[in-house]
Structures are given as structure tokens and as C-alpha cells.
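# Structure assessment
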Amino acid sequence: MHDDRSLVEARLKRVLDERIRPAVHPESVPLSVTIWTAPGEPVPVAEGLAAPRSPIAVGDAWGAPWGTSWITVTGTVPEAWAGRTVEALIDLGFDANMPGFQCEGLVYRPDGTPVKGLNPQNQWVRIASPAAGGEPVLLHVEAASNPVILDYHPFLPTELGDKETAGSTPQYRLERMDLAVFDETVWQLVMDLEVLGELMAELPADGARRWELLRAVERALDAIDLQDVNGTAAGARSHLTEVLAAPAVPSAHRISAIGHAHIDSAWLWPLRETVRKVARTTANMTALLEDEPDFLYTMSQAQQFAWIKEHRPEVYARVKKAVADGRFVPAGGMWVESDTNMPSSEAMARQFVHGKRFFLEEFGVENREAWLPDTFGFTGGLPQIIRNAGSKWLLTQKISWSQVNKFPHHTFLWEGIDGTRIFTHFPPVDTYNCSMKGSEIAHAARNFKDKGVARRSLAPTGWGDGGGGTTREMIAKAARLRDLEGSATVRWERPAEFFEKAEAEYPKPPVWVGELYLELHRATLTSQARTKQGNRRSENLLREAELWCATAALRTGHPYPYEQLDRIWKTVLLHQFHDILPGSSIAWVHREAEATYARLAAELEELIGAAQQALAGDAAGGRELVFNGAPHVRSAVPAGGACPVPATGAGGGCTVTARDGGGFVLDNGLLSVAVDGDGLVVSAVDAASGRETVAPGARANLLQLHPDFPNMWDAWDVDQFYRNTVTDLTAADEVAVSVSSPDEAAVRVARSFGSSTVVQTLSLRAGSRRLDIDTEVDWHETEKFLKASFPLDVHTERYAAETQFGHQFRPTHTNTSWEAAKFEACNHRFVHLEEPGWGVALVTPSTYGHDVTRAVRATDGGTTTTVRFSLLRAPRFPDPQTDQGVHRFRHALVPGAAIGDAVREGYAVGLPERRVTGSAEAVRPLVELDEAALVVSAVKLADDGSGDLVVRVYEAGGGRARGRLRTSFRPASAVPCDLLERPWDGTRGEVAVDGDGVTLSLRPFELVTLRLTPSA
């Protein structure tokens, strides 16, 4: 037989495009259209419905950037259409090739009841089936004219990302406003032909099944009268019945489909617009659930449920009913789909606390899965947090984006830094916006890396980010793919059902140990420095607020601000969303974030101040107390306590002297630091060991400037070629002593480069083994990357970077492509390098991105290991003014530091001591630990208002540790709990109380949450 595949396939495409699809709506009449545009921000529904309208016609422009227009369509069902299915077709000017990321609408009935969303791939509104002739039609559309930020030529700088700069030029034109007949038979024929045509293209040309499909499609096309598609569609379908009924082979890959609309809680739109995107999508999906009995839909992010509860209660009522019916599935158990690299230990834990608690209280749903399809890599501390939240599974997809190395598994056990293992799945369909195309389904089956031992995968199905979710077309395709020869099988299943079956069929999956590093989007650790600093400051202030408010409540009866702390935590957690904290959102988002963080800081400072004053007593008492919110004793002040101002620490006073050849030497008896005439650190000698920290011939605290123009994803990416060109900023405008006293010695260094200036203060304090470096940059560069370099005389093949509840090791070498790809990585408060017996820590309260490289010196054969902190970038998309202006950073160099010193100094640098005047002799800590490796990460009152004290402790050194947790009250009981403060699941028994405390024995990096009930 001659090979005529291309001829039939081309025929199928043209007939579908030009004849069959247009016949789905064979008859139409225009609707009358009027419009009212809100003058500012979106208005309440009642106001929008009641506002006066003006005429507008198809082809007319509408919608300034970020505007809201209320569009009313009216008409009458023709008498001739009686008994037929009638739909309104409303095209606001959609680009059908871009599902989401543009204008959208929410349709209302005259009484204000929401009907469904309007989106590029979802432009229909069912009027009646069957319709009555003469039936009036009246619908209102709340239309959002969100501008297209990420266009066909992506990553071009645009001022459209903020309403303050976006202008008022209309963005769209009305395209179609019709009332139309819907022909169900023709629509079903379209679905038949699309499924078979797409499947056919994926089958081998030498296989019989492909030719069976080809001939069946050809017969169906022959049966269609192109001048009477509607009259011949049923006959054409009959030629496809047999091939559609052929069952899949027993070994076919099994796909669990779940309706889904990945909605970024902010990204190329502000938070307020996400509220409306969620309302449109959930209105769409609850309507579709009513029409499609087999369909199931899932939505993550408790924050998004909370938004519709607050702003669209009528939609939320439909959601609650669908959840109760088991059709609408809350997933993930997190407040938002957060970044997982940068949030602190407690913040990551609270993502699950607040998310899971919301789903439990609102729906009675206990999530067992973490749902993070789009997060930019996963820290090694996460498995333990997931397990401690009462969950056991993880789904993500993003690792498939890695540039260099293909991840070797799709279903596996992920082992975290403490040894906790989580059953994890990466959907091999490689998208969280599956549309049920044959190419996607075939790719999932071919791509699945665990063939032979497993054969299940999950496919999140639907358009996200304003695309409206799952469509009726996707559901129709899934029905045909349920059991179809040549294809993987498709079933609608809840995430928990998938995980239960996948876990059962794969009892011994492979194990991946350590972080799941994304080889992409590395620059998100640096972009939008103000957002990142606001997050870190908020986390620190929340720690202090909970600590001091709990202490004041138990000691003095000071009211504990349960509701206020709950609200603040949720706001901070929201801003850890994976396009806000990473700095990859539009200018509007980050402008609002900066203001929000400032407001939260003022609120938390007030809470801290009031609690500390309650503890210090009458301010007229005149005694100055030092409060230490860090988890370690410092300057003789106990962790979590306060005492009178201590004397200067041991080690002698500070001196600053001129250095031969220019510059100065700072010395406090513990550390001697030489700063040359260019203001760079050329020596840092640890007095205890006599060891030099700075590599021979090198200079530390060297600011370096790189060009920064990645191939794509400007705010997200830094490509490795940026290192090919570097400018060392060595020229100094000023190097001068700024402080010289027995308590402190400091040198001030000023530089200028390009259009920017930088002022640094290098200071050494009495009793401290830490060189503090405070940096102020007035940054006005474009597409540049600023780093601070510290070349260290340390030979090591790995280094430690703090992460949640511990630290993770990364190589300093590039032996393989896996190591080479980690050229930019995340730290929390410290990076630590060590040779046996001696180490160096670099600590920071404010930056996350860094790189570590090593080189062997030709002069002496020694190894220079260079740590560089990433300070600032200047991408122009999606915010063309990213990071412009003044920034302040602090870093510190700690020579002679063991890992415990790195932990201690990391906390100390971000939690400054506070001084309060009062009448109290001292404030004893609520809890104290006698083992330095055990660190308290939270002290708070239990969320249920019982008055119990909750203490979270973790092992920070990476070894086993045993210590006594002593309380300042006699506890009646001490119960190990999960993160939600519920008794642990049985693997930990009650901890025995011995007098005023308990003894704890923890594995490396293990965390434990204790609930302590005070004795009556």
C-alpha cells in the first residue's frame, strides 16, 4: 500500500479547522453590548451591576491596563431555536494561543450570582438546554483588562507591570458577542477526531494500530458533507466507533488525571488580581463539576481558599459543597506554594501549620501530600518538615526544567538531611498545565523513568494563571483515553488515591539523598533585595514577638496576641510565594511587598516592646536590662532572657593602628584584621590558633561586578557565562578610621563605580571573634551582578550552608556535571568551611545567594577556596527598575569557627540585643538548654489558647546530642507534638518530666516540638 499518511493528516487538519469546528455553533445572532469602566480599583459586585452603562460594539477598544469594566450583554433566543442548546459566545479580545496572562471575565446573572469565568480557551456561557423561543438573555461580565506582560517576544522591559506607570491606552478590542446554537454531535465529532488524530501522530509508522486509525479517520472524513457538516456529523462518528472502543493493552501506562489550575498567588499581576483569578477559576470549576459527573478538581494554597471566602462568599459556598461531595479536593496543606529554599525553619513549618489547619477547620480534610509543582528547587530540610506536619508525600514538576542534568527518577523516596524519607513523584507529562493532548499523554508514557517496576503517573490537567482551569474539551478527551488501544489509560483520581496506589505498586523505590537542586532560576536567590530583607526581618521579629509575648504572658499575665500573630504570620507566609520572595514578580507586587513588610515590622516592634516592658517593669525604675532573643548565651545574657548591662567581653580592648604600606590594622586580642590602602582585607589572623584566614596574595571583602544578561528569564536566571567577565572594584575614594575606642575599632571605606556608590564599615568589637562588614550601596546599574568575594586559605572538598533545621553540604569542586551545575546556591544565616580542627564561617542576616569555588595556588601549592555572597542584580524584566536605589547589608567573617560557632553567630548577627529600662532585677528565660548543639527555634503559647507552652528544638551540628531542657516553671507534662501541636503519631512517647525540665536525645538534625503544660 502506498504511504498516504501525510495526505490524510493534512486533510484532517484543514477539515477540522475550516469546516467541522466552525459548525459546532452553526447559527448565531449578535448580542447588544453596553459597558461601564470603574474609575480606579475594582468595585464591589453590587456597585458594578448597578453602574450606568454606555453602548459599545464589537471591534471597539476597551480596557486600560489593570482596569475593570462591567460589560452587559442582552438578547433574545430566536423562536426557531426552541428546543435546542443555546450558548452565549463572549470574546473580550482573547488571544487563544495564550491561555491566561491577559484579559479575563467573570459572568454574573442579574441577581449577582456568579456563573463562570471567561478565558481564552473558555468563551462560552450556557444559556439553556433546551432553550425556549423568545427567552430573554441578560448577563453581566466583570472584565479585567490585565495587560500582557510576557508576550510573544518575551522578556522585553515594560512599564506595564505597575498601574502607576502603565498608562491608560486600551489593551483590547471586543471580538465576538453572539448568541449561538451549540451542536453537541458536531462537538463530539471534533473530540473524536482530535483524540484519534493526536494519538495517530504518536504511534510508530510501522505499527498496525496507526494505520487502523488513519483509515478510520479517512472514512469519517469521506462521510462528512462539507456543505452540511451538522447533518452528516452523526454518520461520520459511526465510522470511528470501532477504533475508539478498542481497549488499551494490559501493560499500558496508567495516568491519574486531576483537574488543576496552577494559579500563582502573584506574578505578572498584583495580589488583588489573584483574588479575582481564583474567583473566576473556582466559579468555572464548580460549574464544570456540576456538568461532568466523573470529573475531579484539586486546588492548593489555603490562602486562595481564604481569599474567596472573604471576597466571593457565594463562590466559596459552591466550593465548600463540592469539597463536601468529594469532588473539589484541597491539596498540599500549605498556606501558599512557597519558595522552599529561602524561608526560615519556622516559616517553612508554619506554611504547613496554617495551611493544614485551614483545611482541617474549613473542610475536615487532612492533607497527606505536599503539592509544589512550580517551586524553584527543594531544600534538604523539607522532608522532615513535611513528615512533622503529618504528611508523607510530595508532588512537584519543576525539576524537569533543569538545564543540564536529567533527573533519573519520576517516583522515588527523597531523603532529607536528617534521614527522613518522603515518597515523591514528578509527573512525567512534564507540565502542570496538561491539556490531554495526545502528544502530552504519549510523552508521559515514554518519558516515565520507572518502567518495569511501576507504571502510574499523575497529570495535573487544566489551564492555570487565569486560563480558567480544566475545560470541557479536556474532560471529553480524557473520557476517550480511559481505555484506548495505543494510549496510556486515563482516570480522574484524587491525589491521595494516586499516591496510595503508586506507593503500593512500588514498595522499594530508589532513594535520592539531599536537596533537589533546580538547575535554573538561580538568580531568584538575589533579585529584589528589599523583598528578601523584608522577609528575613519579619521572620526574626516574629521569633522575638512570640518569645517575649509568651514570656510576659506566663510571668505577668500580659495578654498574648493570638489573633494578631496569626494574621501577621499568614501575611509573611503569603509573601514567601514562589514568585514574590524569589523576586520574579512585576514592580507592583514588590512595591506593595516593601510597604507591607514595613507595616508588619512596626506592628511587631510594638508587640515586642510592650512585652519586654511588661517583663522589665516600671520604666521609672532606672535599671537598664539587655534582652537576648537569640538561642545562645551572649555577653553573659542567657538565651531568651534579660539581665543588667554586662561588662565588656573577654579578650581585651580594641585598637586600630596604621599599617605599613597604607591602611589599618584592627585588633582586639582575639582577632587581628589588616585592611590595606584600598580598603580590602588582606589578613585576618585567629589569635587562638595563629591561623591566617585570607589566602596568600588575595584580598577579601572584594566587591566584584559582572555583566548579567541571561539568555531568558531575566529576573530568574543567571547563566554560567556571567563569570567570563568580571571587574574588581578596588579603587577607593576613602579609607579612614571611623571608630577607635576600647569597645570598638572600625574603618570606613567609600567607593564609586558606574553610576553607583558604596560605603562599607569594617568593625571589630571587644570580646568578639567576628569581623562585621556593613555595606550601603546606592545602586544604579543595569543588567549587572554585584558580589562580595572572600578568598580563604582553606582546603576542603565540601562546605556547609545553613538550611531549615540544620545545614546541607555542597561540593567545592566540579567533578561532574551535577556539581558544575550548582554554581549559585542558597544559604540561610551562614556558610561554613572547615579543615580538620579549624574552620571559617561567613554569616549574614540578609542575603541568600552565594557561590563557592576552589583553586590551587602556583606559589605554594595550597588551596584557595573562595566564597562570594551575591548582593544585587539589575534585571529589567518583569520589573525594569529592579533593585534601583539604596540598600544596606551586613556580613561577618568568623575565623576559627566550628560549625557550632557558625550557628551561634548566624543567629546573633540577625537578632540584635535590645535594651529596656525598668525595675526588674533580671528576666529568667522560660526555657534553657545545657547542650550547645541543641537549638531552640521557637518558644510560643499553643495556638489553641490553652496556655500551654510550645517549644521547638533541633539538633544543629549534624551529630547526636543529649541535653536537658530546663523550664522556669514546673511542667505537669511534656508531650512531643507534630507541627500542628497535636500529640505525635506514636513514634515518640511522652517525655518524662523530671522536676523543672525534661531530657532530650536527638539524632543529627532532628527536630522535636514539645507541648509543656504548666502545673496548676
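Check the entry above for the structure.
Worth saying up front: this structure is predicted, and the values here are computed from it rather than measured.

All right, on to the nonpolar core then. Residues Ile20 and Leu949 are the most contacted members of the largest nonpolar core, which totals 215 residues. Counting 50 residues, the second largest nonpolar core, distinct from the first, contains Leu729, Phe753, Leu762 and Tyr799.

All right, on to the sheet that holds strand 1 (residues 28-30) then. Spatially, 1-12-6-9 is the arrangement adopted by the four strands of the open sheet, whose pairing is antiparallel. One side of each edge strand has no neighbouring strand; the edge strands of this open sheet are strand 1 and strand 9 (124-128). Each adjacent strand pair in this sheet contributes to an overall mean axis angle of 25 degrees, direction not counted.

It is worth spelling out helix 9 (residues 313-324) at this point. With twelve residues, helix 9 should cover 16 Å at 1.5 Å per step; its first-to-last C-alpha distance of 16 Å lies within 8% of that length. Where helix 9 is concerned, the buried positions are Val315, Tyr316, Val319, Ala322 and Val323. Take helix 9 and look down its axis: the buried residues cluster within an arc of 120 degrees, on one side only. Away from its buried face, by an angle of more than 90 degrees, helix 9 presents the exposed residues Lys321 and Ala324. Structurally, helix 9 contributes buried residues whose contacts are with strand 8 (114-118), helix 7 (271-291), helix 8 (302-311), strand 15 (328-330) and helix 10 (345-363). One or two positions beyond helix 9, positive phi appears at glycine 326, with a value near 80 degrees.

A separate point is the pairing of strand 26 (residues 664-667). Successive side chains on a regular strand alternate, one facing one side of the sheet and the next facing the other. Going residue by residue along strand 26, you find Phe664 and Leu666 tucked away on one face and Val665 and Asp667 left uncovered on the opposite face. The sheet contact formed by strand 25 (residues 655-658) and strand 26 spans four bridges and is antiparallel. Looking across to strand 26, one finds that valine 656 is bridged to leucine 666. Turn length for the strand 25-strand 26 hairpin, with the two strands adjacent in sequence and antiparallel, is five residues, and the turn residue glycine 661 shows positive phi of about 90 degrees. Summarising the sheet, strand 26 and strand 27 (residues 671-675) pair through four bridges and their orientation is antiparallel. Opposite aspartate 667, over in strand 27, you have serine 672 as the bridge partner. Connecting strand 26 to the next strand, strand 27, in antiparallel fashion are three residues, including glycine 669 with a positive phi near 85 degrees.

Moving on, we come to helix 10. Taking 1.5 Å of rise per residue, 19 residues should cover 27 Å, and helix 10 covers 27 Å from first to last C-alpha, within 8% of that figure. The first or second residue beyond helix 10 is glycine 364, which carries a positive phi of 70 degrees.

Assignment of secondary structure puts valine 950 in strand 48 (residues 949-955). Taking C-alpha positions, valine 950 is 5.3 Å from lysine 940, a pair spaced ten residues apart along the chain. With residues up to four places along the chain from it excluded, the contact list for valine 950 reads Ala938, Val939, Lys940, Ala942, Glu981, Thr1009 and Leu1010.

Now for the packing of aromatic side chains. For any pair of aromatic rings, the description consists of the separation of the ring centres together with the inter-plane angle of the planes. One pass over the structure, following the stated rule, counts 38 aromatic pairs. Chaining the aromatic ring pairs together yields one cluster made of Phe295, Tyr297, Phe305, Tyr316, Phe328, Trp335, Phe358, Phe359, Phe363 and Trp492. Over the face of the ring belonging to tryptophan 124 we find lysine 116, whose NZ or CZ atom lies 4.4 Å from the ring centre. Directly above the ring of tryptophan 124 sits arginine 472, whose terminal nitrogen or CZ lies 3.7 Å from the centroid.

The residue serine 402 is located in the loop between strand 17 (393-395) and strand 18 (411-415) in this model. On the basis of relative accessible area, serine 402 is assigned to the buried category, the value being 14%. When residues no more than four places from it in sequence are discounted, the contact partners of serine 402 are Tyr517, Leu518 and Glu519.

Let us look at empty space enclosed by the protein. This structure, assessed with the given rule, holds eight cavities of 30 Å³ or more. By volume, the largest cavity amounts to about 200 Å³. Looking at the largest cavity, it is lined by 17 residues, and the ones nearest its centre are Ser344, Glu346, Glu539, Asn540 and Arg829. Of all the elements in the fold, those that place two or more residues in the lining of the largest cavity are helix 10 and helix 15 (529-556). Top contributing element to the lining of the largest cavity by residue count: helix 15, with six residues. Across the lining of the largest cavity, the residue classes tally to five nonpolar, five polar and seven charged. If you trace the second largest cavity, you find 18 residues lining it, with Asn341, Phe376, Tyr517, Leu518 and Leu525 closest to the centre.

So, on to the environment of threonine 782. You can see threonine 782 is positioned in the loop between strand 35 (771-779) and strand 36 (784-792). On the basis of relative accessible area, threonine 782 is assigned to the partly exposed category, the value being 42%. For the pair threonine 782 and aspartate 883, spaced 101 residues apart in sequence, the C-alpha separation works out to 9.6 Å. The residues contacting threonine 782, other than those within four sequence positions of it, are Ala874 and Arg876.

Pairing is antiparallel across the open sheet formed by four strands, whose spatial order is 46-49-52-51. Each of the sheet's edge strands pairs with one partner strand only, and the pair in question is strand 46 (927-929) and strand 51 (993-994). For strand 51 and strand 52 (residues 997-1002), the ladder comprises two bridges, and the chain directions are antiparallel. Within strand 52, the residue paired with valine 993 across the bridge is valine 998.

Note that strand 34 (residues 756-765) and strand 35 share eight bridges and pair antiparallel. The partner of glutamine 760 across the bridge, within strand 35, is threonine 775. From the end of strand 34 to the start of strand 35, which pair antiparallel, there are five residues, and glycine 767 there has a positive phi angle of about 80 degrees. In this structure, strand 35 lies alongside strand 44 (residues 885-895), joined through nine bridges in antiparallel fashion. Each bridged residue has a counterpart across the sheet, and for glutamate 776 the counterpart in strand 44 is arginine 888.

Now for the layout of surface pockets. If you add up the space inside the largest pocket, you get close to 1300 Å³. In terms of lining residues, the largest pocket is bounded by 40 residues, among which Arg21, Gln121, Val190, Glu194 and Glu473 are the most central. For the lining of the largest pocket, the secondary-structure elements that each account for two or more residues are helix 1 (5-20), strand 6 (86-91), helix 3 (184-202), helix 12 (438-447) and helix 13 (472-480). Broken down by element, the residue count for the lining of the largest pocket peaks at nine residues, all from helix 3. A breakdown of the residues in the lining of the largest pocket according to their chemical character gives 17 nonpolar, ten polar and 13 charged.

Calculation rules
- Counting restarts for each chain, with residues numbered from 1 along the sequence as it is written.
- The predicted nature of this model means local features are confined to residues of pLDDT at least 70 and side-chain atom pairs, given and counted, to a pLDDT of 80 or more, with totals for whole chains, interfaces and linings taken over all residues.
- Side-chain metrics rest on all non-hydrogen atoms present in the structure, leaving aside hydrogens and water.
- We define the nonpolar core as a collection of buried residues of types Ala, Val, Leu, Ile, Met, Phe, Trp, Tyr and Cys that are connected through side-chain atoms lying within 4.5 Å of one another.
- Three exposure classes are used, based on accessible area relative to the maximum for each residue type with a 1.4 Å probe and protein chains only: buried under 20%, partly exposed in between, and exposed over 50%.
- Should DSSP find at least two bridges between two strands, the strands are taken to pair.
- Helix and strand definitions here come from DSSP, where helices need a minimum of 4 consecutive H or I residues and strands a minimum of 2 consecutive E residues; each element is numbered from the N-terminal end.
- Helix axes are fitted to C-alpha atoms over the stretch in contact, other axes to C-alpha atoms as well, and angles between N-to-C directions run from 0 to 180 degrees.
- In a helix, the anticipated span is given by 1.5 Å times the number of residues less one.
- The directions considered for the arc are those from the helix axis to the C-beta atoms.
- Two residues form a contact once any of their heavy atoms are found within 4.5 Å.
- Only centres within 6.5 Å qualify two rings of Phe, Tyr or Trp (six-membered ring in Trp) as a pair; their planes then separate them into stacked at under 30 degrees, edge-to-face at over 60, and tilted for everything else.
- By the criterion adopted, a ring carries a charge over it if an Arg CZ or a Lys NZ lies within 6 Å of its centre and within 35 degrees of its normal.
- In this analysis the probe radius is 1.4 Å and the grid spacing 1 Å, with only protein atoms considered; a cavity is a set of points the probe fits into but cannot get out of, a pocket is an open set with protein on both sides within 12 Å along at least five of seven lines, and lining residues have an atom within 4 Å of a point.
- Grid points are joined across faces, edges and corners, and a volume is the space filled by probe spheres set on the points.
- Amino acid classes used here: Ala, Val, Leu, Ile, Met, Phe, Trp, Tyr, Cys and Pro are nonpolar; Asp, Glu, Lys and Arg are charged; the rest, including Gly, are polar.

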